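Inside the fold
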Amino acid sequence: SMASPALLMRVVASAYSVAEKAATIVRNVMSSGDLGIVEKAGPNDLQTKADRLVQMSICASLARKFPKVTIIGEEELPTDDVTEDLIEGGHCEEILKKPCPAQYTGITEEELVIWVDPLDGTKEYTEGLLDHVTVLIGIAYGGKAIAGVINQPYYNYEAGANAVLGRTIWGVLGMGAFGFQLTEAPAGKHIVVTTRSHSSALVNECIAALNPDHVIRVGGAGNKIIQLIEGKASAYVFASPGCKKWDTCAPEAILHAVGGKITDIRGNSFQYNKEVKHMNSAGVLATLRNYDYYASRIPNTVKESLVP
């Protein structure tokens, strides 16, 4: 008989289905017309009913199947009173059929940390910029992001009534990433994607130093990594604190699975063990290719302003 799939592949297969359920919740809240918006730390730090319901759904669904895995979500929420209609028990069969990379076959539940951003790009969601929105489930082992799921609930939303709405991208280090067409940015062009709603003098100084041909300002870390892997941008640059571990874990795993690189602005890798502080206080620098070109052009003044 076949050995049962390794834990990592079971977690990723479940996270895939859990993310699809999350997308349905996100779309249902939007179509209900009542977003239930709450300001957390200010007008650029919002939480909606979708953030709350999606986090409860993801965390409760994964905790039920994998009770000893550490799950860390963005929102401070009670976990006990989750209604049954928020639970997703399914998994993606296709993922279970793939062999687990050898270095991850022996992993136990206690060794995994799952970082959840239930709705990355909340401000854009409230403003109707629906293609910016992603659901992020990142899986870490030994402090490293090793697998991730990114769902775009509104992928294709402008493609007409018959288009299939939404998509799920997933990846595992040592295996690759799936659910999109890997594309490199135009050769010789320097297209920088950066923040839309969290700009600052430092953010702009850093971008100016890169002398880009074009700057794209969009919401959501998940969305920015998608710009890189689909060849719409050549570098994601954010010279500011503000990004958190749940913003970068899933995107990092997918970017690294296809040979890209993400660090803070100073070139340090992110750590994802459960004790780590949540803020990526030294910003983000990410590319699919040519990381060194961009890293070498970050001014020292910018690096010195950002303390890890």
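Starting afresh in each chain, residues are numbered from 1 along the sequence in its written order. It should be noted that, the model being predicted, local features are given only for residues of pLDDT at least 70 and side-chain atom pairs only at 80 or more, the latter also being counted only at that level, while totals for whole chains, interfaces and linings use all residues. To get the side-chain values, take all heavy atoms of the structure and skip hydrogens and water.

Basically, it comes down to this: UniProt positions are given in the numbering used here, feature names are shortened, and annotations may be inferred rather than shown by experiment.
With an unreviewed UniProt entry as reference, the protein is termed 3'(2'),5'-bisphosphate nucleotidase 1, source organism Melanocharis versteri. Taken from UniProt, the Cofactor (unreviewed entry) comment for the protein reads in full: "Mg(2+)". UniProt's Sequence similarities (unreviewed entry) comment on the protein is quoted here verbatim: "Belongs to the inositol monophosphatase superfamily."

**Structural notes on the environment of tryptophan 170**
What counts is decided by this rule: Helix and strand definitions follow DSSP, with helices as H or I runs of at least four residues and strands as E runs of at least two, each counted in order from the N terminus. For every residue, the accessible area (1.4 Å probe, protein chains only) is compared with the maximum for its type, and the residue is labelled buried under 20%, exposed over 50%, or partly exposed between those bounds. Every residue pair with non-hydrogen atoms within 4.5 Å of one another is taken to be in contact.
Within the fold, tryptophan 170 resides in strand β7 (residues 167-172). Given the relative accessible area of 6%, tryptophan 170 is considered buried. A sequence separation of 157 residues divides tryptophan 170 from alanine 13, and the C-alpha atoms of the two residues are 9.4 Å apart. Once residues lying within four places of it in the same chain are set aside, the contact partners of tryptophan 170 are Val12, Tyr16, Ile95, Lys98, Gly148, Val149, Met175, Gly176, Ala177, Phe178 and Ile254.

**Section: the domain arrangement of the protein**
The condition that has to hold: An automatic or database domain assignment supplies the residue ranges for each domain. For any pair of parts, buried area is found by adding up, for both, the accessible area (1.4 Å probe) each one loses once the two are put together. What counts as a salt bridge is simple: a side-chain nitrogen of Lys or Arg found within 4 Å of a carboxyl oxygen of Asp or Glu. Here a polar contact means two N or O atoms within 3.5 Å. Within protein one must be a hydrogen donor candidate and the other an acceptor candidate, and residues neighboring in sequence count only if both atoms are side-chain atoms.
Taken as a whole, the protein is organised into domain 1 (7-178) and domain 2 (191-305). Computed from C-alpha atoms alone, the centre-to-centre distance between domain 1 and domain 2 is 21 Å. The partner domain 2 presents 30 residues to the 41 residues of domain 1 that form the contact. Both sides of the domain 1 and domain 2 interface together cover about 2600 Å² of buried area, and 65% of this is carbon and sulfur. By the criterion of area lost to domain 2, the three top residues of domain 1 are Trp115, His132 and Ala145, representing 24% of everything that side buries. The tally of links from domain 1 across to domain 2 stands at 3 salt bridges. Note that arginine 167 is salt-bridged to glutamate 230, the shortest N-O span being 2.8 Å. Applying the counting rule to domain 1 against domain 2 returns 9 residue pairs in polar contact (both at pLDDT 80 or more). If you list the elements that add at least two residues to the side of domain 1 that touches domain 2, you get β3 (70-73), β4 (112-120), α4 (122-126), β5 (134-141), β6 (144-152), β7 and β8 (176-178).

**Description of the sheet that holds β7**
The criterion, for reference: Pairing between two strands is assigned when DSSP locates at least 2 bridges connecting them. Lines fitted to C-alpha atoms define the axes here, with helix axes fitted over just the stretch in contact, and angles between the N-to-C directions of these axes take values from 0 to 180 degrees.
Read from one edge to the other, the open sheet built from 6 strands follows the order β3-β4-β5-β6-β7-β8, with strand pairing classed as mixed. Taken across any chain shown, the strands that pair with only one partner, and hence form the sheet edges, are β3 and β8. Averaged over all adjacent pairs, the angle separating strand axes in this sheet is 15 degrees, with direction ignored. By the bridge criterion, 7 bridges tie β4 to β5 in an arrangement that is antiparallel. What sits directly across from valine 113, in β5, is alanine 140. Seen against the sheet, helix α1 (residues 7-32) touches β4, β5, β6 and β7 and runs at an angle of roughly 30 degrees to β6. Packing against the sheet, helix α6 (residues 221-229) makes contact with β4, β5, β6 and β7, and its axis sits at approximately 85 degrees to β5.

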